[in-house]
Amino acid sequence: MSRAYNFNAGPAVLPLEILEIAQKELIDFNGTGMSIMEHSHRGKAYDAVHAEAVANLGKLLGVTDDYQVLFLQGGASLQFSMVPMNLLGAGQVADYVNSGAWAGKAIKEAKKVGAVNVLADTSKEIPTNMPDYEALNYTPGAAYVHVTSNETIAGTQIQRFPRTAAPLVADMSSDILSRPLDLKQFGLVYAGAQKNLGPSGVTLVVIRKDLAERAAATLPTMLQYRTHLEENSLYNTPPTFGIYILMLVTRWLLSKGGAAGMEKINQAKAGKLYAAIDNSGGYYRGSAVKAFRSAMNVTWRLPSEALEEKFIKEATALKMIGLKGHRSVGGCRASIYNACPMAAIDALVAHMADFQAKNG
Ligand SMILES: *Cc1c(COP(=O)(O)O)cnc(C)c1O
């Protein structure tokens, strides 16, 4: 077997150990004679999986009694709508930070629901950038403040979350559990699973329970956080297989020392890659301002687009997949989420040195 070095932005690399466990259990889960996919979502076998996923995330994220873990569908993109539909009451304002492409999409949806105040807009800046979150002019009495913890396309990441008076809502799709967080600082966090947590099809939401009570009773049942909170994400059929893989990933994360353990590993990986960029004498140039460099999505340019194309083509031949930057930013991007092994970074750094020696 030969695995690729997978730098895809999402869906993304999963731990090989997890794929092997899933493969072993695929047609006969725990001696039940059925795949977990074939089990009822109300049965004992799936129930244990669901409960373990919730419990493990509770440990990993420091979830206390006043918060609840939810598994929803519709991706992070549906959260762009669900957040304002549930939390933004008539006559209220929500604060948003436009830090890039994903924040921009969240803002677009929120504006369909209610009044949005954009506190800062760094979405068009090159090098890619974020504002000073501590210095923003937050609206007194805002319904909530929405931020994007990691801009997957720009390769920028919030380094310190602001302490806001209004509930802080964060799209953590591309960096959840890559580092510790103080959940108390947030009213709601959400993440599509397909970057750091598992396969696509599951969206993790962690909500402070009182916020679920804000939604109007007239909101469609499936779109109310309240529904999923009351039914432990089992109001309708959840994506059982995706939650099963996510549960295995949470076991793997716990075995690596949880969020704090992952942060050390992620810092080592990102550090190596940024050092390769910074020590290239200007041949490789980071796309993001240094103060907001992402440890998850490393973005950089070469001296020309022709060289970028050649670099990516040769990397692909060496089984390094997914290094093309998003079309809106150009250049190269390596998405090095939790499950991306150090061996992939080493292979990439070696290719960078080799390529520069031949084409510098
Ligand atoms: C990928 C991504 C999304 C979109 O997620 P979907 O699950 O595809 O809707 C939203 N926000 C961020 C920061 C992302 O990286």
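What counts as what
Here, residues in each chain are numbered from 1, in the same order as that chain's written sequence. Given that the model is predicted, a residue must reach a pLDDT of at least 70 before its local features are reported, and side-chain atom pairs must reach 80 or more before they are shown or counted; all residues, however, enter totals for whole chains, interfaces and linings. No hydrogens and no water enter the side-chain calculation; it runs on all heavy atoms of the structure. The working definition used for a salt bridge is a side-chain nitrogen of Lys or Arg within 4 Å of a carboxyl oxygen of Asp or Glu. Going along the chain from the N terminus, every DSSP run of H or I of four or more residues is numbered as a helix, and every run of E of two or more is numbered as a strand. A 1.4 Å probe rolled over the protein chains alone gives each residue an accessible area, and that area as a share of the maximum for its type sets the label: buried under 20%, exposed over 50%, partly exposed in between. Criterion used throughout: strands pair if DSSP finds at least two bridges between them. Place the viewer so that the strands point away; then a crossover is right-handed whenever the path from the first strand over the helix to the second strand goes clockwise. Domain segmentation is taken from an automatic or database assignment of domains. We call two residues in contact whenever any of their non-hydrogen atoms come within 4.5 Å of each other. Buried area: the accessible area, evaluated with a 1.4 Å probe, that two parts lose upon being put together, summed over both parts.

A separate point is the pattern of salt bridges. Enumeration over the complete set of coordinates arrives at twelve salt bridges. A salt bridge links Asp182 to Arg163, with the nearest nitrogen and oxygen atoms 3.5 Å apart. Taken together, the positions of Asp182 in the loop between β8 (168–171) and β9 (188–192) and Arg163 in the loop between β7 (156–157) and β8 put the pair 19 residues apart, joining distant regions of the chain. Of the charged contacts in the structure, one is a salt bridge between Asp175 and Arg179, with a shortest N-O distance of 3.1 Å. The two residues Asp175 and Arg179 agree in class, both being buried.

Counting buried positions over the six residues of strand β3 (residues 93–98) gives five, a clear majority of the element. In terms of strand pairing, β3 meets strand β4 (residues 115–121) through six bridges, oriented parallel. Residue pairing for β4: Val97 is matched across the bridge by Ala120. On the question of chirality, the crossover connecting β3 to the parallel β4 by way of helix α4 (residues 101–113) is right-handed.

You can see Ala315 is positioned in helix α8 (residues 305–317). Ala315 sits in the buried class, given a relative accessible area of 0%. Considering only alpha carbons, one finds Ala315 and Leu248, 67 residues apart in sequence, at a separation of 31 Å.

Along its sequence, the protein is organised into domain 1 (17–255) and domain 2 (258–359). The C-alpha centroid of domain 2 is placed 27 Å from the C-alpha centroid of domain 1. Taken together, the contacts link 27 residues of domain 1 with 25 residues of domain 2. For the pairing of domain 1 and domain 2, the buried interface totals around 2,100 Å² over both sides, and the portion due to carbon and sulfur atoms is 58%. Together, Ile153, Gly155 and Ser178 form the three largest contributors to the area buried by domain 1 at its contact with domain 2, with a combined 23%.

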